[in-house]
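A structural walkthrough
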Amino acid sequence: MAAATTIRLVPPSLVARALSIVMSGIPAAMIIAVPLGSYLGEVASWRSVFLLATALGAAVFVIQALALPRLAPRGEAGLDTLIDILTRPGIGAGILAATLVFTGHFGYFGYIRPFLESVTGLGAAGVAATLLAFGVANYLGSFASGLMAERKLKLTLIAMPLAIGVIGLLLSVFGKDVIPALVLVALWGFAFSGVPVATTTWITRMVPDETESGTGRTVASIFLGITMGAAGGGLVLDLMGAAAVFVAGAIPLVLAALLIASKVRTGAP
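Residues numbered from 1 in each chain as written. Predicted model: local features only at pLDDT ≥ 70, side-chain atom pairs only at ≥ 80, totals over all residues. Heavy atoms only, no water.

1. Considerations on a nonpolar patch on the surface
How we decide: Patch membership is restricted to residues that have no salt bridge and whose relative accessible area is over 30%. Joining uses 9 Å for like charges and 5 Å for the nonpolar side chains Val, Leu, Ile, Met, Phe, Trp and Tyr. Only the protein chains shown count as cover for residues, and all accessible areas are computed by the Shrake-Rupley method using a 1.4 Å probe. We count a salt bridge whenever a side-chain nitrogen from Lys or Arg sits within 4 Å of a carboxyl oxygen from Asp or Glu. What counts as a helix is a DSSP run of H or I of at least four residues, what counts as a strand is a run of E of at least two, and both are numbered from the N terminus.
A cluster of nonpolar side chains, Leu162, Val166, Leu170, Val173, Phe174, Ile251, Val254, Leu255 and Leu258, forms an exposed patch at the surface whose accessible area comes to about 750 Å². Listing elements by their share of the nonpolar patch, those giving two or more residues are helix 9 (153–174) and helix 14 (250–263). Here the nonpolar patch gets five residues from one element, more than from any other, and that element is helix 9. Its place among the elements puts Leu255 in helix 14.

Have a look at this one:
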């Protein structure tokens, strides 16, 4: 709902920039929540972490209720609406591409810790520092990707998954050394920041009359990609080892970039 709400709060020319600001909350939360949750779990208990999350959720509910303007519904949607969206030119290919991108990314991300431990040889502190680098780069990249998507949406849609795929292949080769691994993971975090921003900008631009249904359908495909990436990455890890995960994950990412380049429309250069 965040994207569908955001685009109704700003002029069309500022949609990509507004989405990048909203989406920056995700990596910001990752940077804050992981160390804070770990610390509180150590000094108190895991229950205190869940209670704090509940309190924060309640506070956000109240803030949203006070700060967001009332937005009247603009129509009704059913299953036939979702089917109609998929039959529009280029939409099905774009949603399939999003599924492939998240399959590759979460094939990587779900198994980054065993890779850093078994291939790079990092301990718990080193893994935490590397993931922090990923989160910080991802946060900074959210703003840069908003500007990119605003100016060259299709190029952003193609470049980000292609970059992640290449980075994965480079990690499989050079990830045994600490500095290259740290740099590549940070670059990966920066590149991935453009994926949710560009994907959301694309679907809201292509189905402006059905933004809620369009973003909902896209999110469903993303969760399918996460599921396949987690399952596939685990299978590759068991059969071939951690480095092979980053080779296998590059395949759907490169396929997604090719699919976007050949089949996906953006309504702009």
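2. Description of empty space enclosed by the protein
Worth spelling out the cut-off: With a 1 Å grid laid over protein atoms only, a set of points is called a cavity when a 1.4 Å probe fits there but cannot get out and a pocket when it is open yet has protein on both sides within 12 Å along at least five of seven lines; lining residues have an atom within 4 Å of a point. Grid points are joined across faces, edges and corners, and a volume is the space filled by probe spheres set on the points.
If you walk through the whole model with that rule in mind, you get one cavity of 30 Å³ or more. If you add up the space inside the largest cavity, you get close to 120 Å³. Every residue lining the largest cavity is counted, 15 residues in all, and those nearest its centre are Ala98, Val101, Leu157, Thr199 and Ile260. Counting residues per element, the ones that place at least two in the lining of the largest cavity are helix 6 (91–109), helix 9 and helix 11 (194–206). Take the lining of the largest cavity: its biggest share by element is five residues, from helix 11.

3. Digging into the packing of aromatic side chains
The description of an aromatic ring pair uses the distance of the two centres, along with the angle that the planes make with each other. Counted only if it meets this: Paired rings are identified among Phe, Tyr and Trp, the last through its six-membered ring, by centres lying within 6.5 Å, and are further divided according to the angle between planes into stacked (under 30 degrees), edge-to-face (over 60) and tilted (the rest). Using a 1.4 Å probe on the protein chains alone, a residue whose accessible area is under 20% of its type maximum counts as buried, one over 50% counts as exposed, and one in between counts as partly exposed.
Considering all chains together, one arrives at 12 aromatic pairs under this definition. Ring centres 6.1 Å apart and planes at 80 degrees place the aromatic pair Phe109 and Trp188 in the edge-to-face group. Of the two residues, Phe109 is situated in helix 6 and Trp188 in helix 10 (residues 178–192); the sequence distance between them amounts to 79 residues. Residue classification places Phe109 among the partly exposed residues on the basis of a relative accessible area of 25%.

4. What to know about the layout of surface pockets
Regions of empty space are outlined by a rolling probe, equal in size to a water molecule, passed over the atoms. Counted as a void, the largest pocket has a volume near 710 Å³. Elements that contribute at least two residues to the lining of the largest pocket include exactly helix 1 (2–6), helix 2 (15–23), helix 3 (25–43), helix 6, helix 8 (124–151), helix 11 and helix 12 (211–240). With eight residues, the top contributor of residues to the lining of the largest pocket is helix 12.

5. Focus: helix 8
Put simply, the rule is: Expected helix span is taken as 1.5 Å per residue step, with the number of steps being one fewer than the number of residues. A residue's bend is given by the angle between axes fitted to the 7 residues ending at it and the 7 residues starting at it.
The first and last C-alpha atoms of helix 8 sit 40 Å apart over 28 residues, in line with the 40 Å expected at 1.5 Å per residue. Within helix 8, the axis deviates most sharply at Ser142, by approximately 30 degrees. Regarding helix 8, the residues found buried are Val127, Thr130, Phe134, Gly135, Ala137, Asn138, Gly141, Ser142, Ser145, Gly146 and Ala149.

6. Section: the side chain of Ser142
As a reminder of what qualifies: Between two residues, a contact is recorded if the distance between any of their heavy atoms is within 4.5 Å.
On the secondary structure map, Ser142 appears in helix 8. Accessibility expressed as a relative area gives 3% for Ser142, which makes it buried. Those residues in contact with Ser142 that sit more than four places away from it in its chain are Ser20, Met23, Ser24, Pro27, Ser193 and Val197.

7. Focus: the pattern of salt bridges
Oppositely charged side chains can pair when the atoms bearing their charge come close. Using the criterion set out here, one finds three salt bridges in the structure. The shortest N-O distance in the salt bridge between Arg17 and Glu150 comes to 2.6 Å. With Arg17 in helix 2 and Glu150 in helix 8, this pair connects stretches of sequence that are 133 residues apart. Its relative accessible area of 36% is what places Arg17 among the partly exposed residues. Salt bridges sharing partners connect three or more residues here, namely Arg17, Glu150 and Arg151.

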